[in-house]
Amino acid sequence: MIRIEETVLTPKPRNEVFAYVADFSTTAEWDPGIRTAVRTAGDGGVGTTYDLEATFMGRTVPVIYEVLESVENERFVIKGENDSFIGLDTITFHDRDGATEIVYVAEFTMKGVLRFAELLLRPVFNALGKKAVGGLDNVLNG
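Nothing here was measured: the structure is a model prediction, and the numbers come from that model.

(A) Here's a closer look at the environment of aspartate 43. Secondary-structure assignment places aspartate 43 in the loop between strand E2 (34-41) and strand E3 (49-56). Put simply, aspartate 43 and phenylalanine 108 are 65 residues apart on the chain and 26 Å apart in space, counted from C-alpha to C-alpha. At 2.9 Å, the side chain of aspartate 43 and the backbone nitrogen of glycine 45 are in polar contact.

The structure is reproduced here in C-alpha cells:
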C-alpha cells in the first residue's frame, strides 16, 4: 500500500472548508491531477458517487469515487477505484489556533501487475499528493 499524508492550514472557518472539500466535484478546481469531477448520484452524504478523470503518467484514467463516511465539519472518507488501483481518502478537519487544519490521508492499493511496481510508484504518488494538497492550499489561502 502507498500512503500519503499532507496537512493544510487555512484561516477560513471549518464549516466552510468542510463544505468545499467534502463536495468532491470541486476536486478538479484544486487538484492538478484531476481533469474533471462530476457528482453522479446522491446529495453529498454517504453513498454519493463521483466520476473523475485523473491524469496519471501521461494518460487520462477514469476513477469512480463513493463517499463512505461523512461527519459534518469533522471527517470525510471517500473510496476511489478503477482497473489499476483502489484509493481511500480520509480527510479530517480540526480547529488550530483560530484556523482550520485539514489533514488529508490517501492510501492506494495497486491492482493486477501494478502491485509489483508499488515501490517504484510510491515517489510518483507522493509527488501527486503534494501537488494536490498544494493546489488545495492555493485555493483556500490564495
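From this point, the narrative continues.
(B) Molecular detail of the packing of aromatic side chains. Tallied over the full model, the rule gives eight aromatic pairs. When the centroid spacing of 5.1 Å and the interplanar angle of 70° are considered together, the rings of phenylalanine 18 and phenylalanine 93 count as edge-to-face. Of the two residues, phenylalanine 18 sits in helix H1 (residues 14-22) while phenylalanine 93 sits in strand E6 (residues 85-96), which places them 75 residues apart along the sequence. Accessibility expressed as a relative area gives 6% for phenylalanine 18, which makes it buried. Residues phenylalanine 85 and phenylalanine 125 carry aromatic rings whose centres are separated by 6.4 Å and whose planes lie at 75° to one another, so their mutual orientation is edge-to-face. Of the two residues, phenylalanine 85 is situated in strand E6 and phenylalanine 125 in helix H3 (residues 118-141); the sequence distance between them amounts to 40 residues. Owing to a relative accessible area of 5%, phenylalanine 125 belongs among the buried residues under this scheme.

(C) Spatial organisation of the nonpolar core. If you look at the biggest cluster of nonpolar residues, it comprises 37 residues, and the most contacted ones within it are Phe24, Phe76, Phe93, Ile102, Phe108, Phe125 and Leu136. Element by element, the count of residues in this core is highest for H3, at six residues. In contact with phenylalanine 24, other than residues within four places in its own chain, are Ala37, Tyr50, Leu52, Tyr65, Phe76, Ile78, Asp89 and Tyr104.

(D) Local environment of the pairing of E3. In this structure, E2 lies alongside E3, joined through six bridges in antiparallel fashion. Residue pairing for E3: threonine 36 is matched across the bridge by glutamate 53. Where E3 meets strand E4 (residues 59-71), eight bridges bridge the pair, whose relative direction is antiparallel. Along E4, the bridge assignment pairs phenylalanine 56 with arginine 59. Counted between consecutive antiparallel strands, the loop separating E3 from E4 contains two residues, among which methionine 57 sits at a positive phi close to 50°.

(E) Summary view of the side chain of threonine 49. In this fold, threonine 49 is placed in strand E3. Here threonine 40 takes part through its side chain, which lies 2.7 Å from a polar atom of the side chain of threonine 49. Non-local contacts of threonine 49, meaning those with residues more than four positions away in its chain, are made with Val38, Arg39, Thr40, Ala41, Tyr65 and Glu66.

(F) The arrangement of the pattern of salt bridges in detail. Taken as a whole and assessed by the stated rule, the structure comprises nine salt bridges. Residues arginine 3 and glutamate 107 are paired through a salt bridge, measuring 3.5 Å at the closest nitrogen-oxygen approach. Separated by 104 residues along the polypeptide, arginine 3 in strand E1 (residues 2-10) and glutamate 107 in strand E7 (residues 99-110) bring together distant segments of the chain. Overall, the relative accessible area of 22% leaves glutamate 107 in the partly exposed class.

(G) The arrangement of the sheet that holds E1 in detail. The strand order across the open sheet formed by seven strands is E1-E7-E6-E5-E4-E3-E2, and the pairing between neighbours is antiparallel. In this open sheet, the two edge strands, each paired with only one partner strand, are E1 and E2. Strand-to-strand twist in this sheet, taken as the mean axis angle between neighbours without regard to direction, amounts to 20°. Each of E1, E3, E4, strand E5 (75-81), E6 and E7 touches H1; the most contacted strand, E6, lies at about 170° to it. Along the sheet, H3 contacts E1, E3 and E7; its crossing angle with E1, the most-contacted strand, is approximately 15°.

Procedures and definitions
- Residues numbered from 1 in each chain as written.
- Predicted model: local features only at pLDDT ≥ 70, side-chain atom pairs only at ≥ 80, totals over all residues.
- Heavy atoms only, no water.
- Helix = DSSP H or I, 4+ residues; strand = E, 2+ residues; numbered from the N terminus.
- Polar contact = N/O pair within 3.5 Å; in protein donor to acceptor, adjacent residues only side chain to side chain.
- Phe/Tyr/Trp six-rings, centres within 6.5 Å; stacked < 30°, edge-to-face > 60°.
- Buried < 20%, exposed > 50% of the residue type's maximum accessible area, 1.4 Å probe, protein only.
- Core = buried A, V, L, I, M, F, W, Y, C linked by side-chain atoms within 4.5 Å.
- Contact = heavy atoms within 4.5 Å.
- Pairing = 2+ DSSP bridges.
- Salt bridge = Lys/Arg side-chain N within 4 Å of Asp/Glu carboxyl O.
- Axes fitted to C-alpha atoms, helices over the stretch in contact; angles between N-to-C directions.

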